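One letter stands for each residue in the lines below.
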Amino acid sequence: MKRIAIIAYGLFTVAGGVLGATGTRPDSSAADVAAYNAGHHGLIQLLALAVFGAGLSLATWTAAARPPSLGFAGGLLASGSLVLSGLATWTAAQNPEFARPLTSLAFAAGAFGFAVPLALLIAVVARTAPRWLAIVGYVIAALAALSAFGMLTSVLYPLIPVGRFGGLIWLVLVTFRKSDD
């Protein structure tokens, strides 16, 4: 079950990254967000589905991994943040008049709201990983946790994909290295 869940999480995460790469950014104006959403309605709906699917897949992996309670909480909070991000993105696509605030919510939930709880999951799971994998996990977890300060300055936004994609790669490695399914 963990292997299927991590593969699904990886596919949804990469799809979300690709689909969202050309979209608006947190500092985009309301008019820019509305124009983009109007011109890319189908793409935004696919992006919403990908992020939503990533959240549910991560929740499945977290439940199957059964890490100690702090890691479990981190995994569920991270997956819930992705689910919220996907739902906010979908809602923004349906309601152009609310696109700007919903796009901001989708970004915040999928960025800081995801990376910081994921850091908890990774840090706890890393405790039982082989030394080299644990060290890599702790570094990714620390950088993902620091992404919370991106709420104060966009200079730290590059830490968000370190948590998201670095975390994805790390979870794949630990899942296939330690899997007992």
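## Notes on the packing of helix α6 (residues 112-126) against helix α7 (residues 131-146)
Here α6 crosses α7 at 160°, and the two axes come no closer than 8 Å. As far as their axial angle goes, α7 and α6 are roughly antiparallel. The chirality of how α6 crosses α7 is left-handed. Side by side, α6 and α7 meet where Ala115, Val116, Ala119, Ile122, Ala123 and Ala126 of the first sit next to Ala134, Gly137, Tyr138, Ile140, Ala141, Ala144 and Ala145 of the second. Its residues assigned to classes, the contact of α6 with α7 comprises 12 nonpolar, one polar and no charged.

## Re the layout of surface pockets
Roughly 770 Å³ of internal volume is contained in the largest pocket. Taken together, 30 residues form the lining of the largest pocket, with Gly20, Thr24, Arg25, Leu47 and Phe107 sitting closest to its centre. Among the elements of the structure, α1 (2-20), α2 (30-39), α3 (41-65), α4 (69-94), α5 (99-110) and α8 (159-178) are those that each provide at least two residues to the lining of the largest pocket. The biggest single contributor to the lining of the largest pocket is α5, with six residues. Class assignment for the residues of the lining of the largest pocket results in 16 nonpolar, 11 polar and three charged.

## Remarks on the packing of α3 against α6
Relative orientation of the contacting elements α3 and α6 amounts to 25°, with a least axis distance of 13 Å. Taken together, the axis directions place α3 and α6 in an arrangement best described as roughly parallel. The crossing of α3 and α6 is left-handed. Contacts from Leu58, Trp61 and Thr62 of α3 reach α6 at Phe114, Leu118, Leu121 and Val125.

Reading the values: rules and limits
Residues numbered from 1 in each chain as written. Predicted model: local features only at pLDDT ≥ 70, side-chain atom pairs only at ≥ 80, totals over all residues. Heavy atoms only, no water. Axes fitted to C-alpha atoms, helices over the stretch in contact; angles between N-to-C directions. Helix = DSSP H or I, 4+ residues; strand = E, 2+ residues; numbered from the N terminus. Parallel < 35°, antiparallel > 145°, perpendicular 65-115°, else oblique. Left-handed = near helix turned anticlockwise from the far one by under 90°. Contact = heavy atoms within 4.5 Å. Nonpolar A, V, L, I, M, F, W, Y, C, P; charged D, E, K, R; others polar. 1 Å grid on protein atoms, 1.4 Å probe; cavity = no way out; pocket = protein on both sides within 12 Å on 5 of 7 lines; lining within 4 Å. Points joined across faces, edges and corners; volume = space filled by probe spheres on them.

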